[in-house]
Amino acid sequence: MIRKIRDYILSKYALSSSSRFICYLRKKGIKVGNGCVFRSPQTTRIDITRPSLVEIGDNVDMNLNFQILTHDWASRVFRNYYHELVPSSGKVKIGNNIYFGTNVIVLKGVTIGDNCVVAAGSIITKNIPANSVADGVPAKVICSLDKYYEKRKIVCIKEAIEYARSIKEKFNRRPTIDDFHEEFVLFTDGNNKQDHKPWMISQLGGEENYNKWCQNHKAIYKDIDDFLNAS
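Here's what I pulled together on the structure shown here. (Residues numbered from 1 in each chain as written. Predicted model: local features only at pLDDT ≥ 70, side-chain atom pairs only at ≥ 80, totals over all residues. Heavy atoms only, no water.)

### Points about the overall build of the protein
Each helix and strand in the protein was counted, giving seven helices and 14 strands. A compact globule built from 231 residues should have a C-alpha radius of gyration of about 17 Å, whereas the protein, at 22 Å, is more than 25% larger. Considered along the principal axes of its C-alpha atoms, the protein spans approximately 70 × 40 × 35 Å. Scored against the burial criterion, the 231 residues of the protein give a buried share of 35%. Summing over all exposed atoms, the protein offers an accessible surface of approximately 14,200 Å²; the carbon and sulfur share of this is 52%. With 34 positive and 25 negative side-chain charges, the protein shows a spacing of 9 Å between the two charge centroids. (Helix = DSSP H or I, 4+ residues; strand = E, 2+ residues; numbered from the N terminus. Rg over C-alpha atoms; globule rule 2.2 N^0.38 Å. Buried < 20%, exposed > 50% of the residue type's maximum accessible area, 1.4 Å probe, protein only. Areas by Shrake-Rupley, 256 points an atom, 1.4 Å probe, with all protein chains shown as cover. Lys, Arg positive; Asp, Glu negative; His and termini not counted. Charge placed at Lys NZ, Arg CZ, Asp CG, Glu CD.)

What follows is the structure, encoded as structure tokens:
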């Protein structure tokens, strides 16, 4: 009884933050790489019945209501009808640099390659190759990462303009750079560092990525005023 109470308290404590949850999973024997984040440990379900079957790579972003299942219990029906127990399990291997939208379920026997985006609400029943965007129930590859990247670079401009307009209309004020924690890339680059904020480094993934971004990125608008004039 004391051990059960202790395990219950430890499991609840582990759900209090992403880093604690990752430590908990590693102690259970699940491989979790560096730079991973669980956005909502409290709503996450990782199958720990067979920890050797779960492998999560580096820089994996797991969202609200994320699940990994390495087994099922359909054998309960077999047991009651055929009076036989039929095992069912499979490895789940998640590669590096993956983003999962909300409410994603990864079922047993699945491998997800590096550099993938998985849309919200997807149920992954089959392998997803590297550099892919997947969506659906069951999830299927809908395009390559390259194609999605090029599409998003165009669509995000319209979205940012709509967001800027909504601030003006809703709050009756001129937007500031601090309103644009993602959209700043449209009007900020290495040429106007006086406009840079500390949070930009975090948004760009750290100092090294930030420095590379400053060297290579070219903003569409020359500054925030130019952007706001377009909106």
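### Thoughts on the sheet that holds strand 9 (residues 105-106)
Strand order in the open sheet formed by four strands is 3-6-9-12, and the pairing between neighbours is parallel. Looking at the sheet topology across the chains shown, the edges are occupied by strand 3 (45-46) and strand 12 (123-124). With two bridges joining them, strand 6 (residues 67-68) and strand 9 adopt parallel strand pairing. Bridged to Ile68 within strand 9 is Val106. (Pairing = 2+ DSSP bridges.)

### Some remarks on the pairing of strand 13 (residues 132-136)
Examined bridge by bridge, strand 11 (residues 116-118) and strand 13 share two bridges and lie parallel to one another. Paired with Val118 across the strands is Ala134, a residue of strand 13. Looking at chain direction, strand 13 and strand 14 (residues 139-144) are connected through five bridges and run antiparallel. Bridging from a neighbouring strand, Val133 pairs with Cys143 of strand 14. The turn joining strand 13 and strand 14, which pair antiparallel and follow one another in sequence, is formed by two residues.

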